[in-house]
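# An overview of the molecular structure
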Amino acid sequence: MADNPRAKVAVLVSGTGTNMAALLYASRLPGAAYEIVLVASNDPEAGALALARAESIPTFALSHRGMTRADHDAAMDAAIRYAGATHVALAGYMRILGDEMARKWEGWMLNIHPSLLPLYPGLDTHSRAIAAGDTHGGASVHLVIPELDAGEVLGQVRVAIGADDTPDTLARRVKIAEHQLYPRVLSEYVSRGYDADYLLERVAALALALPGTERTTSHGSPAFKLAGKSGKFFAHFSDRHHGVPHIAVLAKTSGQEELAQLCERDPATFYKPAYYGASGWVGIVLNRADVDWSQVEYWLERSWRSVAPKRLAATQPGREPEAY
Ligand code: GRF
């Protein structure tokens, strides 16, 4: 993991920023998967900003007062992009984001919430958990989508509720739990684009969505083919084979000419794999920061189409090739 490029994270805060501090100090441990490139706030007085400054982290503050939500979001977005962030971590950011901002960063923005989601989205989570007689509260890290506190949960930690707990005492322990959870989940999330198991599952989901396909192995590696004994292969998964550093999916091109063109046009994405390259297969590199999964989907479908019987291929609408 230490060899992979570190993700660049912008942290958005409104308060004291204890989660921001937990994220920051975890990022300074050896082998950390991310670095913090910006701490930004809608409250110029937020304690988190002072801490970030003291730790020499760039900061940005802009009060939302007198601004529309869209304008304020846009200013935050500009600051985040200017800082070169690849990911955003909300850590007690008390502004609800507009739909447009949430959609722009979908898949790249995480939030921490002090409850075991889907229980208790919104505020006053601890008093609600105590009032309901729950045995446990806790914290969740989730992806941000336009709907409040409703994106995919990436990790949770449970915190027992004692008979004497008040919302305050529970909140204090949940905070401690949050500080363990957030750096761990963020690290795992930004690292998974370099994890062969995760990448294989993403490829498999796309390959097996094509009609009449099955998963198998070929020379010990995962591969995808048309179903049945003599079904032809249309994708191979390659995990750093033959001394190349790539985790890749191999797909069929129309031949050597197209293969050479692809490798020349975009050498960060395409390469000519050992053995298979000789038969016109192209390698598409997956262990990189900015994989275009719709491009992967396009190549899997094209490769599948080249081996699928006409009847089967006709069931699948073709896609525009230009961009790929
Ligand atoms: C945390 O409880 C977090 O779950 C919620 O806001 C609080 C932020 O606290 N989203 P801090 O500023 O990190 O101490």
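All values reported here derive from a predicted model rather than from experimental measurement.

This paragraph deals with the overall build of the chain. Per the secondary structure count, the chain includes ten helices and 13 strands. Counting only C-alpha atoms and orienting by the principal axes, one finds that the chain spans roughly 65 × 45 × 40 Å. Out of the 324 residues in the chain, the part that is buried amounts to 46%. Contacts spanning at least 24 positions in sequence make up 57% of the contacts within the chain whose residues lie at least 6 apart. Here the chain contributes 32 positive and 36 negative side-chain charges, whose respective centroids are spaced 5 Å apart.

In the region of the ligand, the neighbouring residues are Thr-16, Gly-17, Thr-18, Asn-19, Gly-92, Ile-112, His-113, Pro-114, Lys-175 and Glu-178. Contacts to the ligand include Glu-178, whose side-chain N or O atom sits 2.9 Å from an oxygen atom. Within the complex, 84% of the 360 Å² of free accessible area of the ligand lies under protein. At the level of secondary structure, the elements contributing two or more residues to the shell around the ligand comprise helix H1 (18–27), strand E5 (109–113) and helix H6 (167–191). Considering only residue class, the shell around the ligand consists of two nonpolar, six polar and two charged.

Quick look at the nonpolar core now. Nonpolar side chains tend toward joint burial in soluble globular proteins. If you look at the biggest cluster of nonpolar residues, it comprises 36 residues, and the most contacted ones within it are Val-11, Met-20, Leu-23, Tyr-34, Ile-36, Val-39 and Tyr-182. Elements supplying a minimum of two residues to this core: strand E1 (7–13), H1, strand E2 (34–41), helix H2 (47–54), E5, strand E6 (136–143) and H6. No other element matches the nine residues that H6 contributes to this core. When residues no more than four places from it in sequence are discounted, the contact partners of Val-39 are Val-11, Val-13, Met-20, Ala-48, Leu-49, Ala-52, Ile-57, Pro-58, Thr-59 and Phe-60. Grouped together as the second largest cluster of nonpolar side chains are 32 residues, Leu-200, Val-203, Val-282 and Trp-293 included.

What follows deals with the pairing of strand E11 (residues 247–252). In terms of burial, E11 is largely enclosed, as five of its six residues are buried. Examined bridge by bridge, strand E10 (residues 233–239) and E11 share five bridges and lie antiparallel to one another. Counterpart to His-236 in the pairing with E11 is Leu-250. Across five bridges, the pairing between E11 and strand E13 (residues 281–285) is antiparallel. Looking at the pairing, Ala-248 lines up with Val-285 of E13.

Before going further, it helps to spend a moment on the domain arrangement of the chain. On domain assignment, one finds that the chain holds domain 1 (7–194) and domain 2 (196–323). Its C-alpha centre places domain 1 at a distance of 37 Å from the equivalent point of domain 2. Both sides together, the interface formed by domain 1 and domain 2 hides about 480 Å², and carbon and sulfur atoms give 53% of it. Three residues stand out in domain 1 for area buried against domain 2, namely Arg-192, Gly-193 and Tyr-194, and they jointly supply 90% of the buried area on that side. Remark: the boundary between domain 1 and domain 2 carries zero salt bridges. At the boundary of domain 1 with domain 2, the tally comes to one residue pair in polar contact (both at pLDDT 80 or more). Per-class residue counts for the side of domain 1 that touches domain 2 are two nonpolar, one polar and one charged.

Right, let's get into the pattern of salt bridges. Within this structure, the stated rule accounts for twelve salt bridges. For the salt bridge of Asp-77 with Arg-81, the shortest nitrogen-to-oxygen distance reads 3.0 Å. On the criterion of helical spacing, the pair formed by Asp-77 and Arg-81 is a turn pair, its members being four residues apart in helix H3 (residues 69–82). For Arg-81, a relative accessible area of 44% puts it in the partly exposed group. Close ionic contact of Arg-305 with Glu-301 constitutes a salt bridge, the shortest N to O distance being 2.9 Å. Taken as a pair, Arg-305 and Glu-301 lie in helix H9 (residues 293–307) at a separation of four residues, close to a single helical turn.

Listed as buried for helix H8 (residues 256–265) are Glu-258, Leu-259, Leu-262 and Cys-263. For H8, the buried positions fall inside an angular range of 130° around the axis, keeping them on one side. Among the exposed residues of H8, those oriented more than 90 degrees off its buried face are Glu-257, Glu-264 and Arg-265. Against strand E12 (270–271), E13 and H9 lie the buried residues of H8.

Calculation criteria
Residues numbered from 1 in each chain as written. Predicted model: local features only at pLDDT ≥ 70, side-chain atom pairs only at ≥ 80, totals over all residues. Heavy atoms only, no water. Helix = DSSP H or I, 4+ residues; strand = E, 2+ residues; numbered from the N terminus. Buried < 20%, exposed > 50% of the residue type's maximum accessible area, 1.4 Å probe, protein only. Contact = heavy atoms within 4.5 Å. Lys, Arg positive; Asp, Glu negative; His and termini not counted. Charge placed at Lys NZ, Arg CZ, Asp CG, Glu CD. Near = heavy atom within 4 Å. Polar contact = N/O pair within 3.5 Å; in protein donor to acceptor, adjacent residues only side chain to side chain. Areas by Shrake-Rupley, 256 points an atom, 1.4 Å probe, with all protein chains shown as cover. Nonpolar A, V, L, I, M, F, W, Y, C, P; charged D, E, K, R; others polar. Core = buried A, V, L, I, M, F, W, Y, C linked by side-chain atoms within 4.5 Å. Pairing = 2+ DSSP bridges. Domains from an automatic or database assignment. Buried area = accessible area lost by both parts, 1.4 Å probe. Salt bridge = Lys/Arg side-chain N within 4 Å of Asp/Glu carboxyl O. Arc of directions from axis to C-beta.

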